[in-house]
Amino acid sequence: MMDDLRRIERTAEMNDTKISAKGVQVFYGDTHAIKDVDVQIGDKTVTAFIGPSGCGKSTFLRCLNRMNDTIDICRVQGSITMDGQDIYDPRVDPVQLRAKVGMVFQKPNPFPKSIYDNVAYGPKIHGLAQTKADMDVIVEASLRRAAIWNEVKDRLDAPGTGLSGGQQQRLCIARAVATAPEVLLMDEPCSALDPIATAQIEELIDELRQQFSVVIVTHSMQQAARVSQKTAFFHLGNLVEFNDTDQIFTNPQDPRTESYITGRIG
Amino acid sequence: MILLAFIILFVAAAIGYVINIRAAQAIRDGGAPLHSLVGFHGMFSALVVLVPVFILILLWIALADPLIQRLVAASLPEGTFDGLGTGAIQLIMAEINSLAGGRVFGTPEDWKIEAAERLVGYERTADIALVVVVIIAVIALIAFARRTVIAEFRARQGSEGIMLRLMAFCAIFAIFVTIAIVFALVYETSKFFSMVPITEFLFGLNWEPQIPIRADQIAAEGAFGAVPVFLGTLVIASVALIVAIPIGLMTAIYLNEFASRRVRSVVKPFLEILAGVPTVVYGFFAILVVAPWLRSTGASLGIDVASNTALAAGSVMGIMLIPFISSFADDALSAVPQSLRDGALALGATRSETMLNVLVPAAIPGIVGGILLAVSRAIGETMIVVMAAGLIARMTINPLDSVTAVTVQIVTLLIGDTAFDNPKTLSAFALGMMLFIITLGINVLALRIVRKYREIYD
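The model shown is predicted, which means the values in this text are computed figures rather than measured ones.

Let us now look at the overall build of chain A. Counting secondary structure elements, chain A contains 11 helices and 10 strands. Taking all 266 residues of chain A together, the buried fraction comes to 55%. In chain A, the share of contacts with a sequence separation of at least 24, taken over all contacts with a separation of at least 6, comes to 67%. Total accessible area on chain A is roughly 11,700 Å²; 49% of this is exposed by carbon and sulfur atoms. Across chain A, the centroid of the 29 positively charged side chains sits 3 Å from that of the 35 negatively charged ones.

Dropping the structure here:
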């Protein structure tokens, strides 16, 4: 029953492609970390990247907001376009790209500032709010969207580092959505959290899909199955299989995918 | 003889070690299960011999000589010391000691020669007594340690206990030394304040300590207002920090976040060299390069610059402090987790925004701690100011004037003629005490801030 509903949603929303990657290669020094990856990431869809540790899924995720630029020895080749615009074009400023492609990290990393300032930081540096009242609106909307408003509305001046792990991660999601991104990248967002906090974040991801295109890297295949509509399986730097999530988990085409989801490699 | 005592001690410890190991092996080979391993029985014996006798020899070295001196002094003819001051008594004893050492000046009186012979005799007796006492003690302790060797004896706990107490003693030793230093300072300072009122010292605006020590000297009337001296230190330290803080912080920020690996690999060793330059060399630099340059620059601008300005001393001291501040700030910035950096960059912050808004605020406690430690170094720094700053205390905050510093005054007061019953000499201790209190306060504050900062990220 649940599966049927999901499938209907999927077909209904499998609309435009948001990000398109073609022939992407990534090198760390002499190491060839990503080999010739083609992938289409749909708008208003949750796409999961799964695969064993070191398979390159996080590296590929970091290509999508050019975070790999911050690593000196890292080189990216191939083309990645967002809404048809090549994001590695010299005319694109990675700083502005990152405002449009938000990112949430494995470990919650709130700044050592107040909860309010954590959320207001992105809008402030990008000049999204003209007045304090505007900023208040953005902060409240972002915290509501990250489903943490009710827990923190009475202590917006308290330090963000004083929250629990799950709350910190939702604060980081609020911080990421505050810059009004179009894509939200999540790098194992639940791996440092307990099951209850994980469930809250997963629920949140499903809601975020209404507005954003979400890409999530996860080690948990159950999580990929629960939250995503599309799943990409990476192995040793190759994109082995990319398909609808239920197809990947019920009817994998590649023997390596099957071995991984049944627990034989990884 | 003392060397002989030590040799006897170490040989005895080795013998005790072997005896106990043999005894323990015999028990083990006899089939009884030993509580501790054989080696621990040996170590227990060695420690039982070594530690107490070592302390005994040290105490003997410390106490024997004063005791002998006292015995000799007591044996002198009645009334020798009558009506003499401490200086004269010390002189007589020094002469006797010289005679005992075979250095004869002029023709000494007979009673002095007799006393010197007695002194030599006492010393010989004391040396022999030391060796005898050590031999008796080590034999008794070896015997005691040997008797402990039974199957049930917890030799491991025993020797570990001795080691533990030894380590605890070493740890406490530093505390005792600190307390002793403070007591010495407080004692001399209180003598000073019994001659000069504390209010004059703390609030007086005149510092002319070169008063006569002997009646035939011609010198100043004397004034002990420390305010201008501390003001001088303040001016010099301020100049130093104005130079060091911006340059040090910029260096740290650049090296930490912006510099390429190649630049870093060149600049860092240079900073370490800068940190390793002896302060005396900085002093040369100040008087030979900076001060003349300031003077000629001032002259070409029509400003009269003194030859030993606060600016010269302070700016060179600032150069000395640059590596200090930059390494502290560098450590603090490096300690900020990479995840915070990534978080800010992923929000679309530029590298400088990340640095200014996220990394520096997160590192500020560590940076402030480093700056405070630099402040206390600037206040306590001696060599540069002795060489480059002036001697006359002036009530001025003009960095182009010649000012003096607290440490400079302490040095000049303790050089040359000193008399420890004269406020001129004693005022050095009062200055030292004040300096100690100030730097102690700053250090405590700095450590508190640094510790608070550690609690956030560990």
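Moving on: the overall build of chain B. The helix and strand inventory of chain B stands at 15 helices and 2 strands. Computed over C-alpha atoms, the radius of gyration of chain B comes to 31 Å, more than 25% over the 23 Å expected from 2.2 N^0.38 for 458 residues, which places it beyond the range of a compact globule. If you line up chain B on its principal axes, its C-alpha atoms span 85 × 75 × 40 Å. Within chain B, buried positions represent 41% of all 458 residues. A separation of at least 24 residues holds for 73% of the contacts in chain B among residues at least 6 apart in sequence. A total accessible area of about 24,400 Å² is found for chain B, and carbon and sulfur atoms account for 69% of it. One way to put it: in chain B the 28 positive side-chain charges average out to a point 13 Å from where the 31 negative ones average out.

Assigned domains of chain B: these are domain 1 (2-168) and domain 2 (223-457). The straight-line distance from the C-alpha centre of domain 1 of chain B to that of domain 2 of chain B is 48 Å.

Take the interface of chain A and chain B next. Between chain A and chain B, the contact holds 22 residues from the first and 17 residues from the second. Between chain A and chain B, the buried area comes to about 1,600 Å², and carbon and sulfur atoms account for 63% of it. Among the residues chain A hides against chain B, the three largest losses belong to Phe111, Pro112 and Tyr121 of chain A. Together they make up 28% of the total. At the boundary of chain A with chain B, the tally comes to 1 salt bridge. Two residues, arginine 62 of chain A and aspartate 342 of chain B, come together in a salt bridge whose shortest N-O distance is 4.0 Å. In this structure, the connection of chain A to chain B is made through 6 residue pairs in polar contact (both at pLDDT 80 or more). Considered class by class, the residues forming the side of chain A that touches chain B number 12 nonpolar, 6 polar and 4 charged.

The next subject is the sheet that holds strand β6 (residues 101-104) of chain A. Residues and elements named next belong to chain A. Read from one edge to the other, the open sheet built from 6 strands follows the order β6-β7-β8-β3-β9-β10, with strand pairing classed as mixed. In this open sheet, the two edge strands, each paired with only one partner strand, are β6 and β10 (238-244). Neighbour to neighbour, the strand axes of the sheet diverge by 15 degrees on average, direction disregarded. As paired elements, strand β3 (residues 46-50) and strand β9 (residues 230-235) share 4 bridges and run parallel to each other. Directly across from alanine 48, in β9, lies its bridge partner threonine 231. Packed on one face of the sheet, helix α7 (residues 165-177) meets β6 and β7 (183-187) and runs near 170 degrees to β6.

Here we take up the pairing of β7 of chain A. Residue and element names in this part refer to chain A. Extensive coverage of β7 is indicated by the burial of 5 of its 5 residues. Burial along β7 is two-sided: the residues Val183, Leu185 and Asp187 and Leu184 and Met186 are all buried. When β6 meets β7, the two strands line up parallel, connected through 4 bridges. Residue pairing in the sheet places glycine 102 in a bridge with leucine 184 of β7. Of the strand pairs in this sheet, β7 and strand β8 (residues 213-217) are connected by 5 bridges, and their pairing is parallel. Residue pairing in the sheet places aspartate 187 in a bridge with valine 217 of β8.

Procedures and definitions
- Residues numbered from 1 in each chain as written.
- Chains lettered and ligands numbered in written order.
- Predicted model: local features only at pLDDT ≥ 70, side-chain atom pairs only at ≥ 80, totals over all residues.
- Heavy atoms only, no water.
- Helix = DSSP H or I, 4+ residues; strand = E, 2+ residues; numbered from the N terminus.
- Buried < 20%, exposed > 50% of the residue type's maximum accessible area, 1.4 Å probe, protein only.
- Contact = heavy atoms within 4.5 Å.
- Areas by Shrake-Rupley, 256 points an atom, 1.4 Å probe, with all protein chains shown as cover.
- Lys, Arg positive; Asp, Glu negative; His and termini not counted.
- Charge placed at Lys NZ, Arg CZ, Asp CG, Glu CD.
- Rg over C-alpha atoms; globule rule 2.2 N^0.38 Å.
- Domains from an automatic or database assignment.
- Buried area = accessible area lost by both parts, 1.4 Å probe.
- Salt bridge = Lys/Arg side-chain N within 4 Å of Asp/Glu carboxyl O.
- Polar contact = N/O pair within 3.5 Å; in protein donor to acceptor, adjacent residues only side chain to side chain.
- Nonpolar A, V, L, I, M, F, W, Y, C, P; charged D, E, K, R; others polar.
- Pairing = 2+ DSSP bridges.
- Axes fitted to C-alpha atoms, helices over the stretch in contact; angles between N-to-C directions.

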